[in-house]
Amino acid sequence: MRRTVVDETRVLRPEFAPYLPMMDFLAELLGPRTEVVLHDTSDVSRSIVALTNGHVSGRSVGGPATDLVLKVLQNHEHDDRDFLANYLAVSRTGGAFRSSTFFIRDRVGAVVGMLCVNVDDEPLRRARDLLEAITATTGVPKAVVDPGVGTAAPVAERLSASVDELALDGIDRIVAARGVEPHRMSVQEKTSTVGELERAGVFLLKGAVAQVATALQVSEPTVYRYLAQVRRSRV
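Note that this is a predicted model, so its numbers are computed, not measured.

Undergrad: Quick question: what am I supposed to make of the overall build of the protein chain here?
TA: Helix and strand content of the protein chain: 7 helices and 7 strands. Sequence-ordered secondary structure for the protein chain, helices as α and strands as β, is β-α-β-β-α-β-β-β-α-β-α-α-α-α. Within the protein chain, contacts between residues at least 6 apart in sequence are counted, and of these 55% link residues at least 24 apart. Accessible area of the protein chain: about 12500 Å², with a carbon and sulfur share of 56%. Placing the 28 positive and 30 negative side-chain charges of the protein chain at their respective mean positions leaves the two points 4 Å apart.

In structure tokens form, the structure reads like this:
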């Protein structure tokens, strides 16, 4: 029985042909708590072209890329690698996943797609924590902690269900990390914030300029001016 849903409105790249049959295989092998996603990086606003077990993260075909995808495309950080394996990803609703991404390249080596596997290991983590609690010899029982909340592991990726959610999540995190309310930021701080958003690939998304303008409490032309300054400084 085929589980994978394919976006019938899209013409899939020929490079994707070998990976489509693998999606059902991986889902069958790893179980119903495993989501398999095929991204087409040519349009990050609707990059999900095929999806297996989308209920795991709540996403659907036609959904946007993740912040990790944006960073890979913007910064070429992993040009020397074929895949990333076993990193932590979280969804907007707080779900935590053990995720891996395989880079799909064209004939000249450019990344044109990504095959991502997101495994919800929550039952296994709960069982592990329970075993640790009942086998502890300290005399003090350990609490069974939900690993999806307050985890100490660094989050490498966030799984967003819409373009607006993807953009807002990135903008909110970067602006909040400044530790200064937008209305108190100096021009230099706002320009620097725009620089961080640029490096995060946020401006690859449609409508991002308007959302950044709202978050920084400035006009859209001002954001464009800051962005031009950032890009000139990188040349």
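Undergrad: Please clarify how the nonpolar core should be interpreted in this entry.
TA: In summary, soluble globular proteins display a tendency toward joint burial of nonpolar side chains. If you look at the biggest cluster of nonpolar residues, it comprises 42 residues, and the most contacted ones within it are V194, F203, L205 and V212. Element by element, the count of residues in this core is highest for helix α4 (residues 163-177), at 6 residues. Beyond its immediate chain neighbours, meaning those up to four positions away, V194 contacts F203, V212, L216, Y226, L227 and V230.

Undergrad: Sorry, what's going on with helix α7 (residues 220-234) here?
TA: Look at α7: 21 Å from first C-alpha to last across 15 residues, which is about the 21 Å you get at 1.5 Å a residue. Listed in full, the buried residues belonging to α7 are T222, V223, Y226, L227 and V230. One side of α7 holds all its buried residues, which, seen down the axis, span an arc of 135°. In this structure, α7 carries P221 and R232 as exposed residues pointing more than 90 degrees from its buried face. Buried residues belonging to α7 abut α5 (187-199) and α6 (208-216).

Undergrad: Help me understand the side chain of S45 in this model?
TA: On the secondary structure map, S45 appears in the loop between β2 (34-40) and β3 (48-52). With a relative accessible area of 15%, S45 lands in the buried category. For S45, the residues in contact, after removing those within four places along its chain, are G62, G63, P64, V163 and K206.

Undergrad: Is there a simple way to think about the packing of aromatic side chains in this case?
TA: For any two aromatic rings, the description comes down to two numbers: the centre-to-centre distance and the angle of the planes. Evaluated as defined, the whole model comprises 1 aromatic pair. Ring centres of Y19 and F102 lie 5.9 Å apart, and the angle between their planes is 40°; this geometry places the pair in the tilted category. One end of the pair, Y19, is in the loop between β1 (5-6) and α1 (20-30); the other, F102, is in strand β5 (residues 96-105), and 83 residues separate them in sequence. On the basis of relative accessibility, which here comes to 17%, the residue Y19 falls in the buried class.

Undergrad: Help me understand the pairing of β2 in this model?
TA: With 7 of 7 residues buried, β2 is to be regarded as a mostly interior element. Every second residue of β2 is oriented toward a common face, with T34, V36, L38 and D40 on one face and E35, V37 and H39 on the other, all of them buried. Sheet analysis places β2 next to β3, joined by 4 bridges and oriented antiparallel. Looking at the pairing, V36 lines up with T52 of β3.

Undergrad: Sorry if this is basic, but what is going on with a nonpolar patch on the surface here?
TA: A surface patch of nonpolar side chains, amounting to about 330 Å² of accessible area, comprises F25, L29 and L30. The residue L29 is located in helix α1 in this model. We classify L29 as exposed; its relative accessible area is 57%.

Conventions adopted
Residues numbered from 1 in each chain as written. Predicted model: local features only at pLDDT ≥ 70, side-chain atom pairs only at ≥ 80, totals over all residues. Heavy atoms only, no water. Helix = DSSP H or I, 4+ residues; strand = E, 2+ residues; numbered from the N terminus. Contact = heavy atoms within 4.5 Å. Areas by Shrake-Rupley, 256 points an atom, 1.4 Å probe, with all protein chains shown as cover. Lys, Arg positive; Asp, Glu negative; His and termini not counted. Charge placed at Lys NZ, Arg CZ, Asp CG, Glu CD. Core = buried A, V, L, I, M, F, W, Y, C linked by side-chain atoms within 4.5 Å. Buried < 20%, exposed > 50% of the residue type's maximum accessible area, 1.4 Å probe, protein only. Expected span 1.5 Å × (residues − 1). Arc of directions from axis to C-beta. Phe/Tyr/Trp six-rings, centres within 6.5 Å; stacked < 30°, edge-to-face > 60°. Pairing = 2+ DSSP bridges. Patch = residues over 30% accessible without salt bridge, like charges linked within 9 Å, V, L, I, M, F, W, Y side chains within 5 Å. Salt bridge = Lys/Arg side-chain N within 4 Å of Asp/Glu carboxyl O.

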